[in-house]
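# A closer look at the structure
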Amino acid sequence: MQDTFRHKGLRKQLVEEIRRKGITDVRVLEAMEKIPRHIFMDSSFLEFAYQDKPFPIGSGQTISQPYTVAFQTMLLEASRGLKVLEIGTGSGYQACVLAEMGAKVYSIERQRKLFAKTKLLLESLSWKVQLFLGDGNLGLPKFAPFDRILITAAAPSISTALVDQLKVGGLMVVPFGEGADQTMKRLIKLEDGSLKEEQFGIFRFVPLLGNIGND
Ligand code: SAH
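Note that the coordinates shown come from a computational prediction; the quantities given were computed from them, not determined experimentally. Throughout this description, residue numbers start from 1 for each chain and increase along the sequence as written. At least 70 in pLDDT is required for a residue's local features to be given in this predicted model, at least 80 for side-chain atom pairs to be given and counted, and no such filter applies to totals for whole chains, interfaces and linings, which use all residues. The basis for every side-chain value is the complete set of non-hydrogen atoms in the structure, without hydrogens or water.

## Focus on helix 2 (residues 26-34)
Every α-helix winds through 3.6 residues per turn, so residues three or four apart in the chain are directed the same way. All of the buried residues along helix 2 are V28, L29, A31 and M32. Each buried residue of helix 2 sits inside an arc of 165° when the element is viewed along its axis, so together they form one side. In this structure, the buried side of helix 2 is in contact with helix 1 (5-20), helix 3 (66-76) and helix 4 (93-100). Any residue under 20% of the maximum accessible area for its type is buried, any over 50% is exposed, and the rest in between are partly exposed; the area is computed with a 1.4 Å probe on protein chains only. Secondary structure elements are taken from DSSP: a helix is a run of H or I of four residues or more, a strand is a run of E of two residues or more, and numbering for both begins at the N terminus. Note that the arc is computed from the directions linking the helix axis to the C-beta atoms. Throughout, a residue-residue contact means that at least one pair of heavy atoms, one from each residue, lies within 4.5 Å.

## Describing the pairing of strand 4 (residues 104-109)
The element strand 4 is largely enclosed, with a buried count of 5 among its 6 residues. By definition, the crossover connecting two strands over a helix is right-handed if that path, from the first strand to the second, turns clockwise as seen with the strands pointing away from the viewer. Running through helix 5 (residues 112-123), the crossover from strand 4 to the neighbouring parallel element strand 5 (residues 129-133) is right-handed.

## A word on the packing of helix 2 against helix 4
The geometry of a pair of packed helices is captured by two quantities: the angle between their axes and the separation between those axes. Axis angles are defined between N-to-C directions and span 0 to 180 degrees, where every axis is a line fitted to C-alpha atoms and, for a helix, only to the segment in contact. At a minimum axis separation of 9 Å, helix 2 and helix 4 run at an interaxial angle of 120°. One way to sum up the angle between helix 2 and helix 4 is to call them oblique. In terms of crossing hand, the pair formed by helix 2 and helix 4 is right-handed. Where helix 2 abuts helix 4, its residues A31, M32 and K34 lie against Y93, V97 and E100. For this classification, the nonpolar set comprises Ala, Val, Leu, Ile, Met, Phe, Trp, Tyr, Cys and Pro, the charged set comprises Asp, Glu, Lys and Arg, and every other residue, Gly included, is treated as polar. Broken down by class, the residue content of the contact of helix 2 with helix 4 amounts to 4 nonpolar, no polar and 2 charged. Should an angle fall under 35 degrees it is taken as roughly parallel, and over 145 as roughly antiparallel, whereas 65 to 115 is taken as roughly perpendicular and any remaining angle as oblique. Crossings are sorted by hand: turned counterclockwise from the far helix by less than a right angle, the near helix makes the crossing left-handed, and turned clockwise it makes it right-handed.

## Observations concerning the site of the ligand
Only a single heavy atom is needed: when it lies within 4 Å of a molecule or strand, its residue is near that molecule or strand. Neighbouring residues of the ligand: 27 residues in total, closest S91, E109, D135, G136 and L209. Pairing of N or O atoms within 3.5 Å defines a polar contact, subject to two protein rules: one partner must be a possible hydrogen donor and the other a possible acceptor, and residues neighboring in sequence count only if both atoms are side-chain atoms. In the environment of the ligand, an oxygen atom lies 2.5 Å from a nitrogen or oxygen atom belonging to the side chain of E109. To measure how exposed things are, a 1.4 Å probe is used in the Shrake-Rupley method; for residues, cover is taken only from the protein chains shown. Burial of the ligand by the protein chains amounts to 99% of its free accessible area of 580 Å². Ranked by residues supplied to the shell around the ligand, first place goes to strand 2 (residues 61-63) with 3 residues. A per-class count over the shell around the ligand returns 10 nonpolar, 13 polar and 4 charged.

## Topic: the sheet that holds strand 8 (residues 182-189)
Any two strands are treated as partners once DSSP identifies two or more bridges connecting them. Pairing is mixed across the open sheet formed by 7 strands, whose spatial order is 5-4-3-6-7-8-9. Two strands lie at the open edges of the sheet, namely strand 5 and strand 9 (195-203), each paired on one side alone. Strand-to-strand twist across the sheet, computed as the mean angle between neighbouring axes with direction ignored, equals 15°. Taken together, the 4 bridges between strand 6 (residues 146-151) and strand 7 (residues 166-176) define a ladder with parallel strand orientation. Note on strand 7: the bridge partner recorded for F146 is L166. Against the sheet, helix 5 contacts strand 4 and strand 5, and its axis sits at roughly 160° relative to strand 5.

## With respect to the pattern of salt bridges
Whenever Lys or Arg places a side-chain nitrogen within 4 Å of a carboxyl oxygen from Asp or Glu, that contact is recorded as a salt bridge. Enumeration over the complete set of coordinates arrives at 13 salt bridges. Ionic pairing is found between D3 and R11, a salt bridge with its closest N-O pair at 2.9 Å. Judged by its relative accessible area of 27%, D3 is partly exposed. Given a relative accessible area of 3%, R11 falls into the buried group. One continuous salt-bridge network, built from bridges that share partners, spans E17, K21 and D52.

Here it is, written out as structure tokens:
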């Protein structure tokens, strides 16, 4: 799929809108201006790719709203060379934003069909992201520890596996809670293994589910 002049123009406007909404991290905005969001979306929604809205990506899942992607990425403080684990690959858009910022990205998706579709897409793109099919709650012990962990689905709890796989001094960003709304939390792992928590307002995500699924 092409990235036309029109797409680039629309993307510039979208990034401007996100900046106005309060995202101040220039590195995040620059990365989002580079990633052609429309290629991560189903063709029927192409016209809407550069609106600041979430959209269906099949298998009952959504690509997050651009503002939310920017907000989570800003909280994560990702930078060149850091090892980042993303839970909930979905379309692969967020993973590519992190890769564009120079992070070494590992991403887990539980939904088999979505995993296959996104893997195929990412193979045709230049951003390097390692994709895994599995339950993100288990993390990736083989590749741990991680500097950063980003959960992009609503988490009713945080598994000890994920806490174990976060480096001391590392950050985890997670929309936390069970109901329709979640509180965006940033957790920092302290020397003694405990977590210090900060809160950043209310967001809405699809739920984090257990096991691998075909649903
Ligand atoms: N980051 C994505 C959007 C994520 S939507 C993007 O940029 O497009 C949340 C995703 O989390 C969905 O694809 C859903 O299938 C996945 N998910 C839900 N529970 C999961 C789990 N336990 N492990 C891994 N992925 C999970």
